[in-house]
Structures are given as structure tokens and as C-alpha cells.
Amino acid sequence: QVQLVESGGGLVQAGGSLRLSCAASGRIFSTKYLGWYRQAPGKQRELVARITRGGTTDYADSVKGRFTIDRDNAKNTVYLQMNSLSHEDTAVYYCNAEMLVGSPRDYWGRGTQVTVSS
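Residues numbered from 1 in each chain as written. Predicted model: local features only at pLDDT ≥ 70, side-chain atom pairs only at ≥ 80, totals over all residues. Heavy atoms only, no water.

(A) Molecular detail of the environment of Leu-100. On the secondary structure map, Leu-100 appears in the loop between strand S9 (91-99) and strand S10 (106-108). Dropping the residues within four chain positions of it, Leu-100 is found in contact with Phe-29, Ser-30, Thr-31, Lys-32 and Arg-105. (Helix = DSSP H or I, 4+ residues; strand = E, 2+ residues; numbered from the N terminus. Contact = heavy atoms within 4.5 Å.)

(B) Seen up close, the side chain of Arg-38. Mapping Arg-38 onto the fold places it in strand S4 (residues 31-39). Within polar-contact distance, the side chain of Arg-38 engages the side chain of Ser-62 at 3.5 Å. There is a polar contact of 2.9 Å between the side chain of Arg-38 and the side chain of Tyr-93. Ignoring sequence-local partners within four residues, the contact set of Arg-38 consists of Gln-44, Arg-45, Glu-46, Val-48, Ser-62, Val-63, Phe-67, Glu-88, Asp-89, Ala-91, Val-92 and Tyr-93. (Polar contact = N/O pair within 3.5 Å; in protein donor to acceptor, adjacent residues only side chain to side chain.)

(C) Geometry of the state of the cysteines. For the coordinates displayed, the defined rule picks out 1 disulfide. Shown here is the disulfide that connects Cys-22 with Cys-95, its sulfur atoms set 2.0 Å apart. As the torsion about the S-S bond is roughly -90°, the Cys-22-Cys-95 disulfide counts as left-handed. Placement of Cys-22 in strand S3 (residues 18-26) and of Cys-95 in strand S9 is noted, with a sequence separation of 73 residues between them. Note on accessibility: Cys-22 and Cys-95 belong to one class, buried. (Disulfide = S-S within 2.5 Å. Buried < 20%, exposed > 50% of the residue type's maximum accessible area, 1.4 Å probe, protein only.)

(D) Region of the structure containing the side chain of Ser-21. Structurally, the position occupied by Ser-21 is in strand S3. Overall, the relative accessible area of 18% leaves Ser-21 in the buried class.

(E) Examining the environment of Thr-90 more closely. Within the element layout of this structure, Thr-90 appears in the loop between strand S8 (77-82) and S9. Overall, the relative accessible area of 16% leaves Thr-90 in the buried class. Sequence separation of Thr-90 and Arg-38 is 52 residues, and the distance between their C-alpha atoms is 8.8 Å. Dropping the residues within four chain positions of it, Thr-90 is found in contact with Ala-40, Pro-41, Gln-113, Val-114, Thr-115 and Val-116. Looking at Thr-90, its side chain comes within polar contact range of the main-chain nitrogen of Val-116, at 2.9 Å.

(F) Structural detail: the pattern of salt bridges. Tallied over the entire structure, the rule returns 8 salt bridges. Of the charged contacts in the structure, one is a salt bridge between Arg-38 and Asp-89, with a shortest N-O distance of 2.9 Å. Separated by 51 residues along the polypeptide, Arg-38 in strand S4 and Asp-89 in the loop between S8 and S9 bring together distant segments of the chain. Classification of Asp-89 by relative accessible area gives buried; the value is 1%. The residue Glu-98 makes a salt bridge to Arg-50 at a minimum N-O spacing of 3.7 Å. (Salt bridge = Lys/Arg side-chain N within 4 Å of Asp/Glu carboxyl O.)

Honestly, it's all geometry; don't read function into it.
Shown next as C-alpha cells:
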């Protein structure tokens with residue numbers, strides 16, 4: 001089992017920055033990726049960014065150059081630095097752990113709201 005707890009969401013003006021944190025506990029050694037997804041009102045949940053233990057990253061095209069994901073393996077924490085935020089970034093952001101093996105394959109945090117004022 002893996003537990004994920006997000007923090008750092010809030011209200012920010014357009015053009016501003018926000019840094020999200022996700023503290024992971026449990027069977028972290030069995031994770032393939034830690035990452036961030038988001039879901040805006042009326043839209044599907046989508047991958048924002050993910051990172052392996054070794055530091056390999058994937059980003060959604062919509063956030064490349066603006067968002068940066070990083071991971072502190074010693075603290076079992078993953079971060080999402082969000083810069084140049086726009087109203088379109090408004091969503092609930094969820095921390096995600098994808099497991100190497102086993103069931104369930106994915107674990108989720110409860111989410112943290114990010115609201116960007118226009």
C-alpha cells in the first residue's frame with residue numbers, strides 16, 4: 001500500500017507561481033513513477049508530469065517549459081513547480097503513484113485545488 005498526501009494548492013493570480021508537494025509513504029520501493037495529474041471542471045483527468053526514481057521525466061505538452069517535476073528520494077516526496085500560471089491551469093491536482101507490479105496499479109492522493117484568477 002502507498003499513501004499520498006498533497007499540499008501547496010491555493011489561489012494565485014495569472015502569471016504567478018505555485019509549488020505543490022506530495023509526501024509518499026508505504027511501499028515506495030515498488031513504484032515505477034510518482035507524478036501529478038489534474039482534472040478541470042468538465043474535463044477528463046490528465047497527466048501533468050511524472051518522474052521515475054532515477055529522474056526520468058514526462059510532461060504534458062501544455063505545461064512544458066512552465067512546470068518542473070522533481071523528486072527527493074530521501075524524503076519520499078515529489079514536487080511540482082508551476083510557473084507562468086494561467087486560468088487554464090485551474091484544476092484539482094492529484095498526486096499519483098504507479099506501481100511496478102501488483103494490484104492496484106495506481107494509488108492516488110485526495111487532491112489539492114489550484115485556482116488561477118484571470
